[in-house]
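This is what each chain is made of:
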Amino acid sequence: MAEIVFKINGKEHKVDGKFSPDVTLVEYIRNVAHLRGTKFMCREGGCGACVVNIRTAQPPSNEIKTFAVNSCLVSILSCHEWDVTTIEGIGSERTGYHEIQRRLARFNGTQCGYCSPGFVMSMYSVYMSKNKNITTKEVENSFASNICRCTGYRPIAEAFKSFAMDADEALRDIVIDLEDLHSLKSCTRDCLKEYSDKKCSTKDKQNKNSDKLKLKDNNWCIIENLRNETFMVQSALYKWVKAYSLADVFKAIQSDDNYKLIAGNTGQGVNQLGDYPTTVIDIFSVYELKEHVLDVNLILGAGISLSELMEIFGHISASNDGFKYLQELYNHLDLVAHMPVRNIGTIGGNLMLKHINNDFQSDLFLLFETVGGLITIAEEVGKNTTMALPEFLKFDMNRKIIVNVILPPLSQCCSLKTYKIMPRAQNSHAIVNAGFLFKFHHNSQLLESATLVYGGISKIFIHASTTEAMLIGRDPFTNETLQLVLKSLQEEILPIENPPEPSAEYRKMLAISLYYKAILYLCPDDKINPTYRSGWKVFKRETSKGSQSFETDESLWPLNQPVSKLEALVQCAGEAEYSNDIPAMSEEVFAAFVTADVNPGSIISGFDTKQAFNISGVSGFYTAKDIPGNNTFTPSKIPIMDVDEEILCSKEVMYYGQPTGIIIADRELTAQKAAKLVKILYSYESTKKPLLTIDSVLESPEMNNRITNNQVIDPTDAGNDVKHVLSGELKLKGQYHHYMELQTAVAVPTEDGLDVYSSCQWLDLTSVAIAECLNLPVNRINVIVRRLGGGYGGKISRPSQIACSAALVAYLERKTCRFVVPLITNMKSVGKRLPLNSNFEVGVNDDGLIQYLKTTFHQDHGYSFNENISARTIAHFYSCYDPKRWQIESNSIITDTASNTFCRSPSSTEGIAMIENIMEYIAYNIGKDPIQVRLLNMEAENNPFPDMINQLKNDCEYDKRNEEVISFNEQNRWMKRALKLMPMTFEIYYFGNYNSVVSIYHADASVVICHGGIAMGQGLNTKVAQVCAYVLGVPLDKIRIKPSTSLISPNAMVTGASIGSECVAFATKKACEIILDRLNPIKAKGSYTWEELITKAYEDGVDLQATYMYSSKDELKPYNVYAVCALEVEVDMLTGNHDVRRVDILEDTGRSLSPMIDVGQIEGAFVMGLGYWTSENLVYDESTGELLTNRTWTYKPPGIKDIPADMRIYFRRNAGNEHGLLQSKATGEPAFCLATIILHAFREAVRSARLDAGYPDQWLDIGIPCTAENIFMAVEHKVEHFLLM
Ligand SMILES: Cc1cc2nc3c(=O)[nH]c(=O)nc-3n(C[C@H](O)[C@H](O)[C@H](O)COP(=O)(O)OP(=O)(O)OC[C@H]3O[C@@H](n4cnc5c(N)ncnc54)[C@H](O)[C@@H]3O)c2cc1C
Ligand code: FES
Ligand code: FES
């Protein structure tokens, strides 16, 4: 029987019909090849966690190419003759680490580490594909595929740019320092020495290994005897035809009506696939589709990948005048998808996606249509039809294939400009894309023809045909023509509302604005006001940079030492284990939630599972009735869990997407498919419009049942100099946590109960909830957490629902149950950051000093009141100000959405945003400097801000840059800049119990720590080890930290609110001190090395294990973190896009326990905050409550090019902290809150544009998040504003 033959890390694999087309490469790598280093998250090409490297011969030349792919998008049956390299294949502890893995670790480019293997493999692929000759710009441009939620990308970018030929001196110096100091080249995992440690014993082994790697890199052995004959892999259900010629493709098409062509198969990232049809024809290697020919026209085979297409465009545009325009297309293609998708995604596939769904904003369709391209369709070999692209959209493609696209040369009389406007810098489909081609009469500025093509408007709108006709014979570079055209466009561009896409109103005006941009680009100098010219641009980030300034006291090392994370190297090598990485157990089952996708209020009466059980492999279905104990994952024995939330909805549906049942199968995907086939029966199906927002609740008759007044705080003072009474509001939306590791639990039956590997931040909640739901004593449940692939609060209370579900299955089935919640379910079923609405009235004097302030806020809890954060919101609302004249009222609201939950800096984000908005509002309305207004309202005593503000102003050259901003804005009508500065006080407070157990082994005096904290990227283990090493006086590499378990750490509090590291480090310090006390009598008898001391202690019967539990009775006391931030942004008023040009953050970290870890926390938190304020938008279907932005295609956290172009972090100098642990301060959350500054900067930039437009100077409430749409709409463009002179 024919087989698909490929290699993984040099080892040959063969697959046959036993593998269906829906088995992806990532599933195979993880579950069949048992290589768990490759991760997955979105399974749609949107996150990069699954990137692996491929080497293969590519037709037509059969040249061997190396490139990255998203292994989640590739069917295992597509891998014929591929040589796949996974993260394990490039380096490991056993074989020695690869330089890329080592550098990413050394540059602190990994926090939770879940994204790290994907980043390493993307870098490896691009580095190898360029024969190691890569430039800084190329590096920075190559990671559109990879999302990192933790680091803020700066250290990742720097680690990888250090490989560039043109890497700047500073980066080279870091590499040299690292190599010198740590013998980096020769270190294996155990030899990850810290800055002070120069010993390394494994050089020879490593050098030998590097040679081996070199050999592998250069003489890659790919499967020989390329077979070019079509063959078929067949099973009872599917036929997979691997075709090499068009003739064979048609033969296969004729053999089965129920067929599908597959080229790169990346289209499933756009439109998620249901089932494959019975015949799948793999056309990726069909020679006729791979060729390009240049004669008069350029003919491009439909099977050419987008990466190859860019190469072709690059070459031909440089050498052929008629095709110079291809450079513009090249630039545009650089914004299409990202490298791994472009490497295998083809022209034909892209155009066919547009054919299948005319709404798709295909950039290729747009580009080809703009330049007058044609498409050739074959219905059999040699029977071709060539047609225009719009015609193709209506053409019946059944049993046909796209063969090629034909692009004409363009004469020198033609001018071309294209645009693609996206919600973030890269890896996003267009909001609107546009192509403009003008053909002028010879030596004239009068138009012979004009082509105006748009995407993102509606299914049917392609050309602005009326306007095109109107332009003929006109000079487009006059105000008169421009206005005529814009008004014509206004009439003919009629976008259709298409949520969650931005509004029709925005897309219409944006489309008009893009025409204006193109004219600004093409217009001769003498016909344009120079201040308008820069309006043609779109932001194109070339490179970013950063600096970090902190003091370190060597006398304290390893405390206060800038070390890499302990687990950095294993994370970068894919060796770090997450819950879903524990090896497969025999007979394990996979679970998936069946969710109630109906309007809230519907009543469940039963389930019809017949269809689901028809799928082979489905073996069980459980509902609330099967739960032996309490049906709640939020048991009341646990703090802050005020309300029971059901594990499985038993009757009334509380929100769209609520889990109601669990289906199990022998394969993850089978369970997920089956879940969609379970029919939920309802005795009542509600059609009532759900209440999804605070406003809708406040306006509803149900308001009284849905509101709780938490607190009213009255002022203790009032001023009597009220000169201005001002009032306003602020409305904040939710935020999806976007952890890269999805909610996961693996429950394993044991002799006396269950071991549950859970991706949770809270051992105690999870173990208690499982015990209660199974009606078992808690001592029969052991919850184990090695690490999380990000949590950000989203894994505090929510994971216990998944853990209870997996435990229920494991308990009832007596089988291991593995439960990874797929992204769409994860997004719809799990609550988010609490939205907030607030309003205020403030009376101030002429200087802006508050005489009284009344503010009321409401927080949206979703459907349950759990996790009330209102008291903390008030505490953070005080920030750095004197609140004695303030009256504050806080309320909680119930809406018909998933129960909302903590999300990084919960309460502080909202509290600080509210008060900073008020400060800006006061300053704006009385015409004062916002910094002075802030200073005036602070407490006079012990106020660190005058000094800190001055320091930051000096460090960032604030005054000078402010002048530059003013001058820039005077010279630019459409690009506007703003520079803002903001102070912040963030109160750290303690709660809960955290234990630590320190054990010392007598045989070698090595130390092991088990604690109740959860490592989730924040560097907890590294800080704890540093404190332990410091207190015991041993080298850091003597210490290991073991997974956290409820067995060793019962009753441990949630790790969150920035305090986990401190509390666990405190407990560890105390435990170490207990052991030291026991060792003192021996020490007093002589001078011993550490090893000798421990041996003697062992012989003397000294207990070498100690435990200590931090509790609020201990001496850690609340304290303040102070910070000041300056941010400069540039905003493109013609699109709403922005570029953060520079950010400076001065933060008081006390005496940092671990400076590089703290830098990472600050940068990562700030960039996650930027996402919250800019691109991350939650859009719900108003009639059902369904979350529409529920995938990577629609929800956009920042990517590598969205970070500040220049990010400078300074730790406050000479800082300490008498209340915190060893003088340190927490860093995990505070910087998130600083990101609110971007709102003020946007407002200032938009204000400048509005003033230029002649609007009165008035306060602006830009919609939040400040998406491109909200910014653009705040400008209030009118077509009359779009002028040339
Ligand atoms: C994360 C991500 C981001 C993306 N961003 C963008 C973007 O910004 N702009 C944009 O334009 N596109 C974008 N895309 C789409 C991407 O360009 C396409 O997925 C890709 O080009 C499809 O090519 P493929 O070979 O993988 O198609 P496949 O997935 O193999 O096929 C797609 C469809 O085309 C059919 N087909 C394939 N080849 C032929 C042929 N020769 N003749 C007839 N039918 C054929 C298939 O049967 C299938 O129905 C993105 C995709 C992803 C996954
Ligand atoms: S899992 Fe493949 S890109 Fe997200
Ligand atoms: S380190 Fe990148 S997602 Fe956590």
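From a predicted model like this one, the values you see are computed outputs, not experimental measurements.

We now examine a negative patch on the surface. On the surface, a cluster of negative charge is made up of Asp 166, Asp 168, Glu 169, Asp 173 and Asp 177. With respect to the helices, strands and loops of the structure, Asp 177 is situated in helix α7 (residues 169-182). For Asp 177, a relative accessible area of 42% puts it in the partly exposed group.

A word on the site of ligand 1. Around ligand 1, 38 residues are found, and the nearest of them are Leu 261, Thr 266, Gly 267, Thr 346 and Lys 420. Between an oxygen atom of ligand 1 and a main-chain N or O atom of Leu 261, the distance comes to 2.5 Å. At 2.6 Å from an oxygen atom of ligand 1 is found a side-chain nitrogen or oxygen belonging to Lys 420. Here ligand 1 loses 96% of its free accessible area of 970 Å² to cover by the protein chains. For the shell around ligand 1, the secondary-structure elements that each account for two or more residues are β8 (259-262), α12 (339-344), α13 (347-356) and β14 (401-407). Top element by residues in the shell around ligand 1 is α13. It accounts for six residues. Across the shell around ligand 1, the residue classes tally to 18 nonpolar, 16 polar and four charged.

Before going further, it helps to examine the UniProt feature "binding site: [2Fe-2S] cluster 2" (unreviewed entry) in the protein. Residues annotated by UniProt as "binding site: [2Fe-2S] cluster 2" (unreviewed entry) correspond here to Cys 112, Cys 115, Cys 148 and Cys 150. Over a stretch of 39 residues, the named residues converge on one spot in the fold, their C-alpha atoms separated by at most 9.3 Å. The exposure class of Cys 115 is buried, given its relative accessible area of 5%. Leave out the neighbours within four places in its chain, and Cys 115 touches Ile 147, Cys 148 and Met 740. Mapped onto the fold, Cys 150 is located in the loop between α5 (136-140) and α6 (154-161).

Below, the discussion takes up the sheet that holds strand β19 (residues 589-596). Here eight strands make up an open sheet; going across it, the order is β21-β22-β19-β29-β26-β27-β28-β37 and the pairing mixed. Each edge of the sheet is formed by a strand with only one pairing partner; in this case those strands are β21 (618-623) and β37 (1044-1045). Pairing of β21 with strand β22 (residues 658-665), which is carried by five bridges, proceeds in the antiparallel orientation. Bridged to Thr 623 within β22 is Gly 661.

Grouped together as the largest cluster of nonpolar side chains are 264 residues, with contacts concentrated most on Tyr 454, Tyr 515 and Phe 1166. No other element matches the twelve residues that helix α18 (residues 504-522) contributes to this core. Among all residues touching Phe 1166, those that are not within four sequence positions of it are Cys 1125, Leu 1127, Val 1143, Ile 1145, Pro 1204, Met 1207, Ala 1231, Phe 1232, Leu 1234 and Ala 1235.

Right, let's talk about the sheet that holds strand β38 (residues 1105-1110) for a bit. Across a sheet, strands are paired by hydrogen bonds formed along the backbone, either parallel or antiparallel in direction. Pairing is mixed in the open sheet, where four strands are placed in the order β36-β35-β34-β38. The open sheet has two edge strands, β36 (1039-1041) and β38, and neither has a second partner. Within this sheet the neighbouring strands show an average axis-to-axis angle of 20°, counted without direction. Where strand β34 (residues 994-1000) lies against β38, six bridges are found, and the strand directions are antiparallel. Along β38, the bridge assignment pairs Val 998 with Ala 1106.

Of all the positions in helix α11 (residues 326-333), only Leu 326, Glu 328, Leu 329, His 332 and Leu 333 are classed as buried. The buried residues of α11 occupy an angular sector of 155° when projected down its axis, which confines them to one face. Considering only its buried residues, α11 is in contact with β11 (298-301), α10 (306-319), α12, α14 (363-370), β14 and β15 (414-421).

Moving on: the packing of aromatic side chains. Here the structure, examined in full by the defined rule, presents 42 aromatic pairs. Between the aromatic rings of Phe 436 and Tyr 515, the centroid separation amounts to 5.7 Å while the plane-to-plane angle is 80°, which identifies the pairing as edge-to-face. In this pair, Phe 436 sits in strand β16 (residues 432-440) while Tyr 515 sits in helix α18, placing the two residues 79 residues apart along the sequence. Overall, Tyr 515 belongs to the buried group, its relative accessible area being 0%. It is Arg 103 that lies over the ring of Phe 163; its NZ or CZ is 4.0 Å from the centre. Here the guanidinium or amino end of Arg 1250 rests over the ring plane of Tyr 1255, the centre of that ring lying 4.5 Å away.

A few words on the UniProt feature "domain: FAD-binding PCMH-type" (unreviewed entry) in the protein. As recorded in UniProt, the sites labelled "domain: FAD-binding PCMH-type" (unreviewed entry) are residues 233-412. End C-alpha to end C-alpha, residues 233-412 measures 52 Å, and it is 34% helix and 23% strand.

Cut-offs and rules
Residues numbered from 1 in each chain as written. Chains lettered and ligands numbered in written order. Predicted model: local features only at pLDDT ≥ 70, side-chain atom pairs only at ≥ 80, totals over all residues. Heavy atoms only, no water. Patch = residues over 30% accessible without salt bridge, like charges linked within 9 Å, V, L, I, M, F, W, Y side chains within 5 Å. Areas by Shrake-Rupley, 256 points an atom, 1.4 Å probe, with all protein chains shown as cover. Salt bridge = Lys/Arg side-chain N within 4 Å of Asp/Glu carboxyl O. Lys, Arg positive; Asp, Glu negative; His and termini not counted. Charge placed at Lys NZ, Arg CZ, Asp CG, Glu CD. Helix = DSSP H or I, 4+ residues; strand = E, 2+ residues; numbered from the N terminus. Buried < 20%, exposed > 50% of the residue type's maximum accessible area, 1.4 Å probe, protein only. Near = heavy atom within 4 Å. Polar contact = N/O pair within 3.5 Å; in protein donor to acceptor, adjacent residues only side chain to side chain. Nonpolar A, V, L, I, M, F, W, Y, C, P; charged D, E, K, R; others polar. UniProt positions renumbered as here; feature names shortened; annotations may be inferred. Contact = heavy atoms within 4.5 Å. Pairing = 2+ DSSP bridges. Core = buried A, V, L, I, M, F, W, Y, C linked by side-chain atoms within 4.5 Å. Axes fitted to C-alpha atoms, helices over the stretch in contact; angles between N-to-C directions. Arc of directions from axis to C-beta. Phe/Tyr/Trp six-rings, centres within 6.5 Å; stacked < 30°, edge-to-face > 60°. Lys NZ or Arg CZ within 6 Å of the ring centre and 35° of its normal.

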